[in-house]
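Listed below, chain by chain, are the residues.
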Amino acid sequence: MKITIRFWISLVLSLPMLATMILKPLTGWMLPGSKWTMLVLTTIIMALSARPFLESSWASFKKHHSNMDTLIAVGTTTAYLYSIYAMFTGKEVFFESAAFVITFILLGQVLEERMRNNASDAIEKLLDLQAKEAEVKRNGKFVKLPVDQIMTGDEIRVKPGQKIAVDGLILTGSSDIDESMVTGESMPIKKEVGDKVIGSTINSNGTLIFRAEKVGDDTMLSQIVELVKKAQNSHAPIQKLTDKVSDIFVPVVLIIAIVTFLVWHVLVGVSIASALNFAVSVVVIACPCALGLATPTALMVGTGRGAKLGILIKNGEVLETVNDITTVVFDKTGTITVGKPKVTDIVGDNKHVLQVAATLEEFSEHPLATAIVDEAKDQALFIGQAQDFKAVGGQGVFAKVKGQQAFVGNEKLRHNFDMTQELQQKMASLQDEAKTVVLVGLDQHVIGLIAIQDVPKETSKEALNALKVRGLKTVMLTGDNQRVAQAIANQVGIEQVIAEVTPNDKAKQVKLLQENGKVAFVGDGINDAPALSTAEVGIAMGSGTDIAIDSGGIVLVKNDLRDVDKALALSKKIFDRIKLNLFWAFIYNILGIPVAAGVFYGLGLTLSPEVAGLAMALSSLSVVTNSVLLNNAKITSKVETA
Amino acid sequence: MSKIIILIVGILLIGFIIWWFLGNHEIEENAADINFITDRQNIDVEVKGGYSPETVILKKDVPATINFTRRDSSNCLDRVVFPDFGINQILPKDETMQVKIDTSQVGEFKWVCGMDMFHGKVVVES
């Protein structure tokens, strides 16, 4: 029988007894048939609604185990059996206690089950976001196929408004893509030929053809779901305490209940019925559900919430460690900076210089060339055609533009092109700013300079500021020379720079920093794996579909440094919630048991079994609610967003 | 007089609880059956007032499935959770649910019920 049905049965049958309880002192109204009716109603409740508790506790009793069902079963059967005995010996009965306790506990379980299912299924729902079918090229034609038949290497066409089926690389077309369901990034992202697309994201306005690169369980979404599922079911170290307690909890409560009974009856000398009432209250209030639910529910909801924000927290252990972090170490390239050199300054006739340079560099694959061409495209400049193209390794390129000899490159390539004093000075000063400077020459003259730098991400400064406000020390590790590194550090507000570090030494540097406290390392996860695993908390930043899921304790799906602060804020919030839950669960039992045992009887403070049952239902419900509310909790960094 | 009898019964009951629940009792332990034709190992675990067997022994590198069947209607046991493997399987009553276990590593892996009250473990041996 389902819990809901069991609940309704016991509720409906308890109502007449409730009516008696309320109306008898007021109007003297009595249930027709009085005790006999009560006996019948309670017997039905015991037989239908309470039976599973009895069966389960008996089954676990035989295995030398005990659980909350044991307590419910012992509590209610004691009340029930004693009442039958009392009825025939003409003493006071308390059938209604058994009935009410069952009703309240079932109510708690019905609500709690619903919430638990909501919390745990949320992440699996992510997988439902996947497209069901896609247009796949087979034998030269695009045909509709179910997603599970897509193989890597397949070409897939996506029309505007459709979902991208699997992870892949764009072959033709361009479009704005809404990736919010995977990365948490709310703005659509412009993607062009050569860019990667993520399965389950939505293609908004252009038609794309892409090549499937990852399918099935290898897709980013599947991996995220897998990781989050693991995190949700992981154990937090703080749980060890409750694990230990739960083994001995129930037997200890049973012993306390017996002692309570003996003290009241034998020592104080109250009637067996009153003494039993105290004992039953103790057993009922002590049900350790809230304790057991405190950590798992918060972990489940919290890590699920993180996934929606593009922040994947691997397990409960990471959550706890984050709270002790004192230093955050960043890798520079690709983490603080964009990782792609960009044009920062153009000296000379802006458009002309850039146009000539872009014309020469259009077919070069050098990162500096890419930066120049990108800049020209951004400014919507016409890129002409160069003839007699000649690349000089490590120096630049030569070519003819409209019949005139031209070059783009460093000083060595200048040869007999003349250069004004002003440009010479400008070049020196740009170099002092740690920028790479290329010369643009045309028809025997150097017509201008282009300065290129791997610029910090727009959000880096804000992100680092947020961490500073949080009271954390920020450190940057880089293989670059001190001058370049310091220039970047000054721009974004990094406190300490450790430059000229080889990739292998990054882990060593992290170890040195660990002498002063716990360290979080933020890196891209591909080159920084040793440093990520050396740090107490490794935060891997993803870029595109290759999120380095294994290397970090926290994985940021979005390539946004502000998420570091958000991840820390979220971890703290979840951990605080766990502590709050445990606090309430413990306090509840620690205070509830003595009250139920009648320790405060002298102060007029007692707890009847049915109130204990209600309180116990409310306690587990409040813990679960508290956890579910994590979904709505504000995750704010301490700095206002600019 | 009756009070003295009640007192003695109560104390005996306490003694019994301590011995029964907290004493050292044998734990049911079973090794999985290995099917050498399909090269798979299977074991059934009945979920009723706990798990029987409570300890499951598996052989390393042989794909393994544990078949959980919940006979108990307590919602305490309505899920089985393997924290190490990220498995959180709902166990509908009287249905057999298969849980696949990664046996690529030797070691002890605990499983718990949804509320962390009942425990069992998988031991992967080489």
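The following refers to the structure shown. Each chain has its residues counted from 1, following the order in which its sequence is written. As a convention, the first chain written is A and the first ligand written is 1, with the rest following in written order. For a predicted model such as this one, the threshold for reporting local features is a pLDDT of at least 70, and the threshold for listing and counting side-chain atom pairs is 80 or more; totals across whole chains, interfaces and linings nevertheless cover every residue.

1. Here's the deal with the sheet that holds strand β14 (residues 396–401) of chain A
Backbone hydrogen bonds hold the strands of a sheet together, and the pairing may be parallel or antiparallel. Residue and element names in this part refer to chain A. Taken together, six strands build an open sheet; the order of strands is β12-β17-β16-β15-β14-β13 and the sheet is antiparallel. Looking at strand neighbours, the two that pair on one side only are β12 (342–348) and β13 (386–392), the edges of this open sheet. Averaged over all pairs of adjacent strands, the angle between strand axes in this sheet comes to 15 degrees, irrespective of strand direction. For two strands to be treated as a pair, DSSP must find no fewer than two bridges joining them. Helix numbers and strand numbers start at the N terminus; a helix is a DSSP run of H or I with at least 4 residues, a strand a run of E with at least 2. Of the pairings in the sheet, the one linking β13 to β14 comprises five bridges and is antiparallel in character. Note on β14: the bridge partner recorded for A386 is V401. The contact criterion used here is simple: two residues whose C-beta atoms, placed from the backbone, lie within 7 Å are in contact. Axis definition: a line fit to C-alpha positions, over the contact stretch in the case of helices; interaxial angles, taken between N-to-C directions, run 0 to 180 degrees. Against the sheet, helix α13 (residues 350–361) touches β12, β13, β14, β15 (404–409), β16 (436–442) and β17 (445–453), its axis set at about 80 degrees to β17. Strands in contact with helix α14 (residues 367–378) are β12, β16 and β17; relative to β12, the strand with the most contacts, it is inclined by about 70 degrees.

2. Observations concerning the nonpolar core
Taken as a class, soluble globular proteins show a tendency for nonpolar side chains to be buried jointly. Residue and element names in this part refer to chain A. Residues V282, V283, V329 and I539 are the most contacted members of the largest nonpolar core, which totals 184 residues. No other element matches the 14 residues that helix α20 (residues 562–596) contributes to this core. Not counting residues up to four positions away in its chain, the partners in contact with V329 are V475, L477, V510, L513, V519, F521, V522 and A535. Here, a nonpolar core means buried Ala, Val, Leu, Ile, Met, Phe, Trp, Tyr and Cys residues linked by C-beta atoms lying within 7 Å of one another. Residues are called buried when their C-beta atom has 20 or more other C-beta atoms within 10 Å, exposed when it has 12 or fewer, and partly exposed otherwise; all C-beta atoms are positioned from the backbone. Counting 35 residues, the second largest nonpolar core, distinct from the first, contains I372, A386, F407 and A451.

3. With respect to the packing of helix α7 (residues 220–232) of chain A against helix α10 (residues 289–309) of chain A
Any two packed helices are characterised by how steeply their axes cross, that is the angle between the axes, and by the distance between the axes. Residues and elements named next belong to chain A. Two numbers describe how α7 lies on α10: the axes approach to 8 Å, and their chain directions differ by 155 degrees. Relative to α10, the element α7 lies roughly antiparallel. Viewed along their axes, α7 and α10 form a crossing whose handedness is right-handed. In this structure, α7 contributes I224, V228, A231 and Q232 to the contact, and α10 contributes L299, M300, T303, G304 and A307. For the contact of α7 with α10, the class distribution of residues is six nonpolar, three polar and no charged. For classification, angles of less than 35 degrees are called roughly parallel, those exceeding 145 degrees roughly antiparallel, those between 65 and 115 degrees roughly perpendicular, and all remaining angles oblique. Handedness of a helix crossing follows the sense of rotation of the near helix relative to the far helix, less than a right angle counterclockwise being left-handed and clockwise being right-handed. Ten residues, namely Ala, Val, Leu, Ile, Met, Phe, Trp, Tyr, Cys and Pro, are considered nonpolar, four, namely Asp, Glu, Lys and Arg, are considered charged, and the remaining ones, Gly among them, are considered polar.

By themselves, these figures tell us nothing about what the structure is for.
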